[in-house]
Structure formats: structure tokens, C-alpha cells
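Listed below are the residues making up each chain.
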Amino acid sequence: TGGKKRVKTGRTMKEEQHLQLQICDYLRLQYPKCIFFSEPSGLRVSMGQAKILKKMRSFGKLPDMFIAYPNDKYHGFFIELKKEGTTIWKQNGEIVADPHIRAQFNTLKTLHDLGYAAIFGVGFEYTRAKIDGYFAMKPMAVEQQKLDFGNATPSITPIKRTDPADVKVDKI
């Protein structure tokens, strides 16, 4: 009160950063052979570094994490992390009106349409459960094969992927 508007972005960013570090620690402990990475756009960097990072990605609304582990259903797993208590869905099942969350939803939908698991991970327990569920799915046969990088001919059949230019995302 007192006429001052409280800005939550700094605190929210720290809470989401803490959640992301928890999830990274969990992945390292539970799934030590798992390859994953985090999207660095939420980090505080110099203006010059921010410009370089922006030029190194396709667009600005990339999910926070990617787990590079294919299974019989998905090519990998994208997670947009949100602090505990964040509302994504209205009671009627529609996405909330927040433009930032809607843009993130559109990115997740596009990734899902391309064959990736893609979710909002709200809080540690929910996200952990989704990760465990993802890893419980049967791994792709391609993981079971040994790859011979010395051959000019691929030792596996490539997965047919949708051309991103052909993907249409419905506006909400």
C-alpha cells in the first residue's frame, strides 16, 4: 500500500529459478544418464550477452527445460516451469488471459504438434511426477541400438518429423 505498486517479477523469477535448480538436481540424482538443458533467457546477463543469446534462438518464448530422452510416443520432453500456486487454467478448462502464459502455451502446443511432450510444470511435486511418468514410458528402439558413426549410411531409420513451416497453431 502507500501508493507503491509491488512488482513481483524479481521474486517470481527467483522462485522459478529455485524450482529449476531443484528439478535439475532431481534429474541428476534420479536419472544420472539423462541429458537435459535449460533455456538461459531468464538469467540476468549483460545487455551484450542478452543480444547474443537472443540471436542464438528461434524466438523468445522457449520453454525453460528440455529433456533429450525419446520414447515410443515423444521425441523429447519440454517443460515450462512455474512457481507453486501459478494458475494456468481457468475452472472452465480455458487458458488464463495472461498474454505471457498464452504465448508460452502456444509454444508448448507447437512443440507437442511436432511430436514432443510439452507441459507447464507448476511446482516441484507436480513437475517431478510428470518427469517420472515420462521416464516410465518405454524408450524408443533407437536408444537400444549402437550407432556406428564411422559409416556413411545411417544405422537407424530417421524419425519423420513435421516441417515447422507446415505447423499451424490456433490462436486462443
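A quick note: this is a predicted structure, and the numbers were derived from the prediction, not measured.

**Q** Lay out the pairing of strand E4 (residues 117-122) with the relevant residues and their values.
**A** Looking along a regular strand, one sees side chains alternate from face to face of the sheet. Of all six residues in E4, six are buried; the element is thus mostly enclosed. As paired strands, strand E3 (residues 77-82) and E4 are joined by six bridges and run parallel to one another. Across the sheet, the residue bridging to glutamate 80 is phenylalanine 120, located in E4. You can see the chain leave E3, run along helix H3 (residues 99-113) and come back into E4, and the turn it takes is right-handed.

**Q** Give me the side chain of aspartate 64: which residues, what numbers.
**A** In this structure, aspartate 64 sits in the loop between helix H2 (47-55) and strand E2 (65-67). Among buried Asp, Glu, Lys and Arg side chains, aspartate 64 stands out as unpaired, with lysine 82 the closest opposite charge at 5.9 Å.

**Q** Now, about the packing of aromatic side chains: what can you tell me, with residues and values included?
**A** For the coordinates displayed, the defined rule picks out 13 aromatic pairs. Both rings, one in phenylalanine 37 and one in phenylalanine 66, keep their centres 5.5 Å apart while their planes meet at 50 degrees; by these two values the pair is tilted. Placement of phenylalanine 37 in strand E1 (residues 36-38) and of phenylalanine 66 in strand E2 is noted, with a sequence separation of 29 residues between them. By relative accessible area, phenylalanine 37 is classed as partly exposed at 49%. Ring plane angle 20 degrees and centroid distance 4.7 Å describe the contact between phenylalanine 77 and tyrosine 134, whose orientation is recorded as stacked. Of this pair, phenylalanine 77 sits in strand E3 while tyrosine 134 sits in helix H4 (residues 124-136), placing them 57 residues apart in sequence. Classification of phenylalanine 77 by relative accessible area gives buried; the value is 3%. Grouped by ring-pair contacts, the aromatic residues Tyr26, Tyr31, Tyr69, Tyr74, Phe77, Phe124, Tyr134 and Phe135 constitute a single cluster.

**Q** An account of the sheet that holds E3 is needed here, citing residue identities and associated values.
**A** Pairing in this open sheet of four strands is mixed, and the strands run E1-E2-E3-E4 from one edge to the other. In this open sheet, the two edge strands, each paired with only one partner strand, are E1 and E4. With direction set aside, neighbouring strand axes in the sheet form an average angle of 20 degrees. Sheet topology places E1 next to E2; three bridges connect them, and they run antiparallel. Along E2, the bridge assignment pairs phenylalanine 37 with phenylalanine 66. Against the sheet, H3 makes contact with E3 and E4, and its axis sits at roughly 150 degrees relative to E4, the strand it touches most. The strands touched by H4 are E2, E3 and E4; relative to E4, the strand with the most contacts, the crossing angle is about 155 degrees.

Criteria and cut-off values
Residues numbered from 1 in each chain as written. Predicted model: local features only at pLDDT ≥ 70, side-chain atom pairs only at ≥ 80, totals over all residues. Heavy atoms only, no water. Buried < 20%, exposed > 50% of the residue type's maximum accessible area, 1.4 Å probe, protein only. Helix = DSSP H or I, 4+ residues; strand = E, 2+ residues; numbered from the N terminus. Pairing = 2+ DSSP bridges. Right-handed = clockwise from strand over helix to strand, strands pointing away. Lys, Arg positive; Asp, Glu negative; His and termini not counted. Salt bridge = Lys/Arg side-chain N within 4 Å of Asp/Glu carboxyl O. Phe/Tyr/Trp six-rings, centres within 6.5 Å; stacked < 30°, edge-to-face > 60°. Axes fitted to C-alpha atoms, helices over the stretch in contact; angles between N-to-C directions. Contact = heavy atoms within 4.5 Å.

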